Structure formats: structure tokens, C-alpha cells
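The primary structure of each chain is shown beneath.
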Amino acid sequence: MMFTASFPAQEQGYRMPPAEIAALVDAPMTPAVLLSPHRNWMLLLDIPALPPLSELAQPELSLAGERINPGTFAPSRSSYFSGMLLKKTTEPPEFSIAGLPDQPRLRDVKWSPDGRRIAFTFAGVHGISLWCLEVATRQAVPLVERLNACFPGAPYEWMPDSQGLLCRQIPENYPPAPVSDATPTRPIIQENHGKIAPARTYQDLLKSPHDEALFEHYFTLQLVLVSLDGQKRSLGSPGLHRTAEPSPDGQYILVETLHRPFSYLVPMNRFPHAVQVWDKDGKVIKSLADLPLAEEVPIARDAVPAGARDFAWRHDAAATLCWCEAQDGGDPKIDVAVRDKVWTLPAPFNRDPQLLINLTRRYSGIFWGTGTTALVSERWWDTRQIRVWRVRPDVPGAAVNLVWERSWEERYGDPGVPVLTTNASGRPLLRFAGNTGRIFLRGMGASPQGDFPFLDEYDLGSGKSTRLWQCAAPYYEYFIDFLDDDNRHYLTRRESLQEPPNYYIHKGRDATVHAVTSFPHPYPQLEKVQKELIHYLREDGVSLSGTLYTPAGWQREQGPLPVLFWAYPQEYKSAAAAGQVKDSPYRFVRLSSHSPLFWLVRGYAILDNPAMPIIGENDEEPNDTYIEQLVASARSAIAELQRRGVADSNRIAIGGHSYGAFMTANLLSHSDLFRAGIARSGAYNRTLTPFGFQSEERTLWDAPDVYARMSPFMFVRQMNTPLLLMHGEADNNSGTFPMQSERYYAALKGMGKTVRLVILPCESHGYRARESVLHMLWEMDQWLEKHVASDQ
């Protein structure tokens, strides 16, 4: 049936969804919790309501892949906390904090290594200031103003002795920002001389000499040491110091500094940069590397820049550097026996580096422990394989031992991740069970019945695990940390369908359990919602699952409901792994501003995250049969809901965000399974992302048929289902330019299709402002009520 729009061409401002939906949006959020290093204190952080649109409408510059507020020298779109409380981990009283700034906008919250203080930044109208909270007195005081927070990450680090902080500050007597000439003085030119330099579709790049000048102005900073009484001492000269990390003994600082030439093709993490070791006075002790502009890195997932990378301090040593270096020039297509080498170099940095390990795959990280035990990880995208090795950093030439090798797609066999502790300098280390041969692992405990998190003791010598604890129905509960040095008492976070997440202490492995927080149910109107983890088969035999929600009190005898599917496809190299369950039937019904669960209070059933696996086993590429697999998965999910009496074939909508929006448009273009679609912040023409997208590593010119077949834009003539398109005006996600929705809308309109396009001003890839979120929900509700709720 053709739909003649009843919406005015330009409506009167932002709209409100039905009251029952708006009440859920405005429900108070459960606080975030940050444990102290000794686990004896909990910091409870208030999460504010959605910000007003005026906050997103503040001045903003997009430079080298980052977005900043030029008035504050800080990110323009960061979240923050609106308050904090302290409580003892083992005792119920909560203590208020004195001295917090008015209308707190608190970010970058960090405990000091000794657990006696908490530092945080305050985002004021005119800039970022650093504050310090004394735990004993519960008094917060300002330390220093005019921080430069433009680079990603916190604009400060605690010094290891907890007596000071290393801060990034706007230089003293800093001049105003450069002003662009009204009349251009030269053309903007880019040039290439036969070098292969593919790049994915990045956003917010530098575009002109004026952008380059602005980047240098706003990202240049002075490193300063700030004492607990607010005294400060400058280190070195101002520069584009992207990172500055004190050594564990506090005697040195590892500094990475960007420099010209900049690029209009890649973001700042590919810019040239020098890596140096400074002393505490800012003097250069060792120049480690000066790495060139990295525009020619291949687009493959395991590609990295040539040269040394990932410089960091060894956590369990006073001042030892660690880094890795590709032996294949960074190109995974080059066949070499050793892919990466990992090196270490102790202070005073005046001898040759020591080889820690040769890797045949790509280095992906290290857990430090002691001089005889550290765990090094390597991974390889094409096979989805990960290996973990035990190395002995203090024993040159010692044999390395394989701890495990597995596919990261294989959830059921995941052994977990190491439990960590912190040392006196605040660095994370492996937590050992009595000796350096046994560690603790915590994992999700995935199974065909859902996730049941666990805590294991793992013997590095024998490779055997001993199960110490595992959550059980009807709860979803996971291990947080040990509370004592004997590893007997521990903290967990527990939730159920009706109980919101709260923290519990387990005293002794099999002894008493009691709650230490009592956060209330944020939305009691959803308390009796029904939730079930459902299983079904695709027509090719692949096992699928999804989480089905039905409104409170619904019974099959009442007849089928209107249904909203909300999904996101994922690529796999194994059909067995693709069929594994990825949720728990006992998790609390939790809402976010982008959740489809709002429509439970409108009488809809929701199938959340139904599996949409795109599988390419062995040498097959998943996307070669993307459309066929996508439609088959959707068809099977619908059949299962019909079998259960939840749905009929005439009142089902499909929706998704980002790659889920792309999925939605493809399903509507290649099937008639759905009554309507909702696609938010998607990409619909893959020729506009010619150097790969999502998990696709081939270029448009390698696989033109795949790019064309996967582009809904190419199939507008056969798309006959009403589609609501939404997009943030300032979307900065790679590949999802607002133009994607604008061009797709124009094509659909040109072919006479039923389509509506909503562009949300000031919004990025995800929508944050209260006005935007409420209007988004109104648009979705109107669309569903118009096209799905009725069985006509």
C-alpha cells in the first residue's frame, strides 16, 4: 500500500514521545563504581541525565580526527559525572564530598597509587581544571587550571609516589588562535608519486594550511609537574606531546611528540612523531625513534606502520622500556618467519635492546608480572587466532612457553582473562595464587544456556584450570576483584531480571554473601517484563539465538503482538562459532538512549540482537554471500516467533544503528519479510568506502561485484517497504557520512518510495542531547504506529 505522508514538510520543533517512553528516558541512572587500589573504598559516581542540545551546540573544531571545543582546549563531546560519594567497601554508610565545584562536570577520575587521594578534572565554562580529593577528610580542592585536554586520554597522570601529578597545560602567555584570511592565498594541493597509499574513510581530517595552524595551536601543550599543594614546575618546551608517561620509579618520562609534515589523508595517530625519554627536569636522556608519516599503511586488519611502535614502560621494573617492531614492513601480505619482535631496554638506556620474544603473528599486548613471568599476546585476523606466551623478562634467552592458542570467535572455550592487582606505583600486574606458576582467570562462561561468569585458578605449567566460583541461575553475576591479600574474600556484581546490578562480598570461597550496595530499580515499570533467550536454526543448519522480550503479563493465548527486531550483523570464519550464544537470560533489563526496549511499554515484543552471522569458512569470504545469509537469518527468526505465537507475518519491523542500519536497508531491498524499517546513522553506498568497510579487507577494485551487491543504494527500484532514515548532522564515524543517508533518501524519493529522512542537528554517530533522543523516539514511535501496530 502506498503511504501519503501525514507529517508536515517542516514540523514545529523537537517533539516528545509518549509519556511512558519519556519517563524511561528520564529515569535516574545507576551510579558508576570505582574501587580504590587496596579495594577498601568505593567511589560512587553519579551519571547525569542526557545533556541539553545547547551543550552540543557549543563551538567545535574538527582537526586531525579529533573534535575539540576551542574555548576550553578540551574534547567537545565527552561524557562526565555530576557528583560523587565515598563508602567503605565493607560498610554501608555513604559519605558526601565537601568542596566540589558548583554544577559539577567531573571527568578523568583516578585514584592515587597509594589510595589516599582521588584526582579528577572539572570541565568549566572557560576551561579544564585539575582537582584533588583527600579521602581521609573527604574534602576536594582545586590544584591547577588551564589544562590542555585536546589529545585523547586524561590530561594528567599520577606520579608513582602519589605526591604529585604530571599534567598537560596550556602554555603560559599563549597567543590567540590564528585567524583565517577571508580571501584564500593559495590552492590546496595533494600529490602522490606512484606510492600505494590506501586509506579507509576517515572523518574530521585536516583540510587546509589554516587547519594545520589551528591543530598546532590547540594541541601544543606544556608538561608540568604539580605538587599536592598546587605548586607547579614546567618540564621541557611546549610541543605536540601526545603522550607522557612516568616510569614506575618516577625518575623518567616517556614522551611522544608529533611534528610536521601533517596529513590530509590520515588522522593524527599516523602523523610523524618522535619518541624520547626525559628525566624529571625535562632533559632528553634518550631519543628512541623518530617515526615518519604513515600514509602508506595497507588497509588489512593486521597492517601496522613500519618501524618501532607501542612504546611503554615495563610495569614490574623500575624503569625498563618495552616496544615492538614489525619485521614485514607492517604488511601482513608479506610472508616472513617472524612477524613482530618485542624488545626491552632498562635504564640508563645506554646499551643495546634485549629481545623479549619473536612472534609469528601480530603483537597485541602484554601482562607484566615478575621477572620470571609475563604473558605476551599475538593475534592474526585472517584466522581469528590468538596465542598467549609465557616469557621470563629477567632471563635473557630463556625458552618461551605457549599458554594457549585459540580462536577469539570461540566463546564457549574462552579461558578468560588474567585477574590483575596494582603495585605501589599504581601499575597493573598479574595477580598470582601463592607463586608465579599460578594465576587467576575471570571469564564470561559462555554456554548454550547463556553466559555464566566464572573465576578460575590456572596453572601455567600444566595448563589446568580449577574452578573457584561460577555464577548460577537466577542471577547474572561476575567477579570484580579480591579484597584481601590471601585471595579468599572477593567482590562481585550481581543482577537478575528483576534486580538491578549491585555489589556483593563473598567471604571465603564457599561462605557468606552479602550486599554492599542497594541501588534501586531505575524503571519499575519494566519490572515484570518477560525475557527469554531463544534458539533456532537457519535453513543451512547454523544455530542462531536472540533475546526475546514481551510486555508484562502477555500470554500466547492473547494472540500475536507487533514486533520490532533490532540487530547488527557480524562476520565469522566458523559456522560453529557463529552459532554460539552471546547473552544471559538473567541479565537485568537495562535501557540506553538507543535501546529498542522502550517499545515494551507500547505493547510491542522486541527481538533484541537476533544473530545475523555472515560466515566465510576456510578460503571463502563472508561477504560473498552476505545478502543470502542475511535474509536466511531474518527468515528463520521470524519463523521462530511465529511458531511461538509471538508474531504474525504482517506486523514486524526491522531496525538497526550504523552497520545495523546498513543491514536493515539490505533486508528491505532483498526481501518482503518486514512491514517497515528504521535505519539510523548508516552507510548505503559502498562505493563511497572503496578501501574496505567493517570486516571487509578487499577494495572496491578487488571485489566490485561484492561492493555493488551489498549497496542498498543500487537496489532502490526494488525496495518497497516504508523506511525511516535518521542521521546525526555531525556524524564522525568512519564511512557513515550524513551524505550516505541524504543520497539514499534522494534516490528512494526519486523512485517514488515511502521514506522519511530526519537529520538531527549537532549530533554525531550516536545521539546524546535530550531533545535529540526524545525526538528520535517520537519519530520511531510514529513510524511504528503508522506502519506496524495496525494489522491492516
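Residues numbered from 1 in each chain as written. Predicted model: local features only at pLDDT ≥ 70, side-chain atom pairs only at ≥ 80, totals over all residues. Heavy atoms only, no water.

S.K.: If you had to explain the pairing of strand E1 (residues 32-35) to someone new, which residues and values would you point to?
M.R.: Only one face of E1 is buried, namely the one carrying Val33 and Leu35, since none of Ala32 and Leu34 on the opposite face is buried. With four bridges connecting them, E1 and strand E2 (residues 41-46) associate as antiparallel partners. Looking at E2, one finds that Leu34 is bridged to Leu43. (Buried < 20%, exposed > 50% of the residue type's maximum accessible area, 1.4 Å probe, protein only. Helix = DSSP H or I, 4+ residues; strand = E, 2+ residues; numbered from the N terminus. Pairing = 2+ DSSP bridges.)

S.K.: Break down unusual backbone geometry for me, citing the residues and quoting the values.
M.R.: In this chain, Arg260 is followed by Pro261 through a cis amide linkage whose omega measures 5 degrees. Among the structural elements, Pro261 can be located in the loop between strand E16 (252-258) and strand E17 (273-279). Cis geometry marks the peptide bond from Ala347 to Pro348, where omega comes out at 10 degrees. Summarising the element assignment, Pro348 is placed in the loop between strand E21 (340-346) and strand E22 (354-359). For Phe349, which is not a glycine, the phi torsion comes out positive at approximately 65 degrees. Relative to the assigned elements, Phe349 resides in the loop between E21 and E22. Note on Phe349: relative accessible area 2%, which makes it buried. Even without glycine at this site, Asn618 takes up a positive phi of about 55 degrees.

S.K.: Can you explain the sheet that holds strand E3 (residues 61-63)? Please cite residues and give values.
M.R.: In spatial order, the strands read E3-E4-E5; together these three strands make up an open sheet with antiparallel pairing. Each edge of the sheet is formed by a strand with only one pairing partner; in this case those strands are E3 and strand E5 (74-75). Here strand E4 (residues 66-69) runs beside E5; their pairing, made up of two bridges, is antiparallel. Residue pairing across strands places Ile68 opposite Pro75, the latter belonging to E5. Packed onto the sheet, helix H3 (residues 209-219) meets E3 and E4 and runs at close to 100 degrees relative to E3. (Contact = heavy atoms within 4.5 Å. Axes fitted to C-alpha atoms, helices over the stretch in contact; angles between N-to-C directions.)

S.K.: So, the state of the cysteines: which residues are in play, and what are the values?
M.R.: Summed over the entire model, instances satisfying the criterion amount to zero disulfides. With no disulfide of its own, Cys132 lies closest to Cys167 among cysteine sulfurs, the gap being 11 Å. A residue is classified by how much of its surface remains accessible, and Cys132, at 5% relative accessible area, is buried. (Disulfide = S-S within 2.5 Å.)

S.K.: Requested: an account of a negative patch on the surface, with residues and values cited.
M.R.: Among the surface-exposed residues, Asp382, Glu617, Asp619, Glu620 and Glu621 lie close enough to one another that they form a single negatively charged patch. Checked against the element boundaries, Glu617 lands in the loop between strand E43 (613-615) and helix H5 (626-643). Residue Glu617 is classed as partly exposed on the basis of its relative accessible area, which comes to 33%. (Patch = residues over 30% accessible without salt bridge, like charges linked within 9 Å, V, L, I, M, F, W, Y side chains within 5 Å. Areas by Shrake-Rupley, 256 points an atom, 1.4 Å probe, with all protein chains shown as cover. Salt bridge = Lys/Arg side-chain N within 4 Å of Asp/Glu carboxyl O. Lys, Arg positive; Asp, Glu negative; His and termini not counted. Charge placed at Lys NZ, Arg CZ, Asp CG, Glu CD.)

S.K.: Explain the nonpolar core to me, and be specific about the residues and the numbers.
M.R.: If you look at the biggest cluster of nonpolar residues, it comprises 56 residues, and the most contacted ones within it are Phe565, Tyr626, Leu641, Phe674 and Tyr744. Looking at this core, the element that brings in the most residues is H5, giving eight residues. The contact partners of Tyr744, leaving out residues within four places of it in the chain, are Ala665, Ser669, Tyr684, Pro712, Phe713, Val716, Met719, Leu723 and Leu725. Of all hydrophobic cores here, the second largest spans 37 residues; its members include Ile21, Leu724, Leu760 and Val773. (Core = buried A, V, L, I, M, F, W, Y, C linked by side-chain atoms within 4.5 Å.)

S.K.: Describe the pairing of E17, with residues and values.
M.R.: Burial runs high along E17: seven of the seven residues are buried. The alternating pattern of E17 places His273, Val275, Val277 and Asp279 on one face and Ala274, Gln276 and Trp278 on the opposite face, and all of these are buried. Where E17 and strand E18 (residues 284-291) come together, six bridges link them in antiparallel fashion. Considered in E18, the bridge of Val277 is made with Lys286. Hairpin connection, E17 to E18: the antiparallel pair is bridged by four residues, and Gly282 has positive phi, about 90 degrees.

S.K.: Any chance you could break down the sheet that holds E2 for me, citing the residues and the numbers?
M.R.: Pairing in this open sheet of four strands is antiparallel, and the strands run E1-E2-E6-E7 from one edge to the other. Only two strands of the sheet have a single partner each, and these edge strands are E1 and strand E7 (94-96). Averaged over all neighbouring strand pairs, the angle between strand axes comes to 30 degrees, with direction disregarded. Pairing of strand E6 (residues 83-88) with E7, which is carried by three bridges, proceeds in the antiparallel orientation. What sits directly across from Leu86, in E7, is Phe95.

S.K.: Which residues make up the environment of Leu533, and what values go with them?
M.R.: Among the secondary structure elements, Leu533 is positioned in strand E38 (residues 530-537). Separated by 437 residues in sequence, Leu533 and Ser96 have C-alpha atoms that sit 41 Å apart. Filtering out sequence-adjacent residues up to four positions away, Leu533 remains in contact with Gln449, Gly450, Gly546, Thr547, Val581, Asp583 and Pro585.

S.K.: Describe the environment of Gly369, listing the residues and the values that go with them.
M.R.: With respect to the secondary-structure elements, Gly369 resides in strand E23 (residues 362-370). Setting aside chain neighbours within four positions, we find Gly369 in contact with Asp316, Ala374, Leu429, Leu430 and Phe432.

S.K.: Break down the pattern of salt bridges for me, citing the residues and quoting the values.
M.R.: For the structure shown, the criterion picks out 44 salt bridges. The closest approach of N and O atoms between Asp204 and Arg67, which form a salt bridge, is 2.7 Å. Of this pair, Asp204 sits in the loop between strand E13 (164-169) and H3 while Arg67 is found in strand E4, placing the two residues 137 residues apart along the sequence. Its relative accessible area of 10% is what places Arg67 among the buried residues. Residues Arg117 and Glu134 are paired through a salt bridge, measuring 3.2 Å at the closest nitrogen-oxygen approach. Residue Arg117 is located in strand E9 (residues 117-123), and its partner Glu134 is located in strand E10 (residues 128-134); the two are separated by 17 residues in the primary sequence. You can call Glu134 partly exposed: its relative accessible area is 23%. Several salt bridges share partner residues, and in doing so they unite Arg309, Asp310, Asp328, Arg339, Asp340 and Arg362 into one network.

S.K.: Give me the environment of Trp111: which residues, what numbers.
M.R.: Of note, Trp111 is situated in strand E8 (residues 106-111). Along the chain, Trp111 and Val601 lie 490 residues apart, while their C-alpha atoms are 41 Å from each other. Leave out the neighbours within four places in its chain, and Trp111 touches Leu34, Leu35, Ser36, Pro37, Trp41, Leu43, Leu86, Arg117, Ile118, Val135 and Trp158. A distance of 3.3 Å separates a polar atom in the side chain of Trp111 from the backbone oxygen of Leu34. From its side chain, Trp111 meets the backbone oxygen of Leu35 in a polar contact 3.4 Å long. (Polar contact = N/O pair within 3.5 Å; in protein donor to acceptor, adjacent residues only side chain to side chain.)

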